[in-house]
Amino acid sequence: MTGAAAMRASTRVVVRHRTLFVLALGLLAVALATSVIDDPLIRRIGTDLFISLVLVLGLQLFIGNSGILSFAHIGFMGIGAYASAILTMGPDAKALALPTLYAPLVGIQLPFLPAALIAAGIAALFAAVVGYPLMRLADATAVIATFALLVIVHVVLAHWSDMTNGPRTLFGLTAYTDLWTAAGAGLAVLAFVYAFKESRLGLKLRASRDSPYAAATIGIDIVKTRWAAFVVSAFIVGFGGALWAHFITSFSPSAFYLTETFVVLTMLIVGGPKTVSGAVIGTGIVTLVFEGLRRVENTLNIEQIVPFQVVGLTEVSLAIALIVILARRPGGLIVDRELFAPGDELETPAGPTAPGSPDG
């Protein structure tokens, strides 16, 4: 290959994947700007944004490509959070926070990254076991089934006192997740989810979403394809749960239930569930709005600007925004075409005219 040909090939690669490059550069710029600003609140918001990005991208991988709305994924986040906590806490911390923990688990203490990956694997294994029959469902029945799965996971986390401390707060985790840890995870997951969308499995999954009967006709096993994506997305969300757990450092099962489900789904739906760009944009917008409204709510209460207690302003405002988006743009802000998606510039370069063509 000549130098000119290599240059053209590399240019085509950049053009073809420029959505990924632009999104990654934008996120990297956000991380750099956040790290430069010496403000603990800004760093906390930036770290939370990248953790949320991991969760939303995990959801987008399955929901966006399959067209099946899933409520169960926040349950996988909880499994990843608790599993990573148990794997990273030292014996002394476990004696205080989990006094009835099973003896074989007391002496286990792993570094954060291996523990997070194992915790994500546990979430994925659970999804693999329970997910296959669920992938036979579609439409409203699938939504109800995944919601039921979320309820089951929540009940187990809230009552398995030996492993989770029951409904009480689990504490004693080390704060391993900082801004750059979360940013690195977010960028890695972004690249993976983008590659998944363009992969053979991703194309099959989208074909089953757009026309299940046509997909089955050409030999696509819809159930197995959905199941594989369900398991992979559970791994990503479980890893996001591990990141979140070692950022917050203390939590209870209520953190992995309806409120978190609503926030994460809002991020995905507002941005546009069918595109990776939508997941990124939606995460950024909702995070900024959520943090801004929460600060307004706290200011109103602390400074007593109004003569009554303001409660639920953040959640109500997000719900109204979600209703407006669904009414005006049901597909989200970015419907079905990625930002900066390549167009005619990827057509075959001009060359000798083919015989039989109008110009030949």
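Details of the nonpolar core
- With 84 residues, the main nonpolar core has Phe50, Leu57, Phe76, Leu170, Leu190, Phe251 and Phe256 as its most contacted residues.
- Ignoring sequence-local partners within four residues, the contact set of phenylalanine 50 consists of Leu27, Val30, Ala31, Leu179, Ala182 and Ala183.

Structural notes on a nonpolar patch on the surface
- A contiguous nonpolar surface patch, about 380 Å² in accessible area, is contributed by Leu25, Leu28, Leu32 and Trp180.
- The element that contributes the greatest number of residues to the nonpolar patch is helix α2 (residues 18–36), accounting for 3 residues.
- Take leucine 25: its relative accessible area is 59%, and that puts it in the exposed class.

A word on the packing of aromatic side chains
- This structure, assessed with the given rule, holds 12 aromatic pairs.
- Seen in terms of ring centroids, phenylalanine 71 and phenylalanine 147 are 5.7 Å apart; in terms of plane orientation they differ by 85 degrees. Their pairing is edge-to-face. Of this pair, phenylalanine 71 sits in the loop between α3 (40–66) and α4 (73–88) while phenylalanine 147 sits in helix α8 (residues 139–159), and the two are 76 residues apart along the sequence.
- Residue class for phenylalanine 71 comes out partly exposed when judged on its relative accessible area of 21%.
- Seen from their ring centres, tryptophan 244 and phenylalanine 256 are 5.3 Å apart, and the 75 degrees between their planes marks the pair as edge-to-face. With tryptophan 244 in helix α13 (residues 222–248) and phenylalanine 256 in the loop between α13 and α14 (258–271), the pair connects residues that are 12 residues apart, well separated along the chain.

A few points about helix α7 (residues 112–134)
- When the terminal C-alpha atoms of α7 are compared, their 32 Å separation across 23 residues agrees well with the 33 Å that a helix rising 1.5 Å per residue should span.
- Most pronounced at alanine 128, the bend in α7 amounts to some 35 degrees.
- Within α7, burial applies to Phe112, Ala115, Ala116, Ala119, Ala120, Ala123, Ala124, Ala127, Gly131 and Leu134.

Brief notes about the environment of serine 277
- Residue position: serine 277 is located in helix α15 (residues 276–302).
- Along the backbone, serine 277 and leucine 339 are 62 residues apart, and their C-alpha atoms lie at a distance of 6.1 Å.
- A distance of 2.5 Å separates polar atoms of two side chains, one belonging to serine 277 and the other to glutamate 338.

About the criteria used
- Residues numbered from 1 in each chain as written.
- Predicted model: local features only at pLDDT ≥ 70, side-chain atom pairs only at ≥ 80, totals over all residues.
- Heavy atoms only, no water.
- Core = buried A, V, L, I, M, F, W, Y, C linked by side-chain atoms within 4.5 Å.
- Buried < 20%, exposed > 50% of the residue type's maximum accessible area, 1.4 Å probe, protein only.
- Contact = heavy atoms within 4.5 Å.
- Patch = residues over 30% accessible without salt bridge, like charges linked within 9 Å, V, L, I, M, F, W, Y side chains within 5 Å.
- Areas by Shrake-Rupley, 256 points an atom, 1.4 Å probe, with all protein chains shown as cover.
- Salt bridge = Lys/Arg side-chain N within 4 Å of Asp/Glu carboxyl O.
- Helix = DSSP H or I, 4+ residues; strand = E, 2+ residues; numbered from the N terminus.
- Phe/Tyr/Trp six-rings, centres within 6.5 Å; stacked < 30°, edge-to-face > 60°.
- Expected span 1.5 Å × (residues − 1).
- Bend = angle between axes of the 7 residues up to and from the residue.
- Polar contact = N/O pair within 3.5 Å; in protein donor to acceptor, adjacent residues only side chain to side chain.

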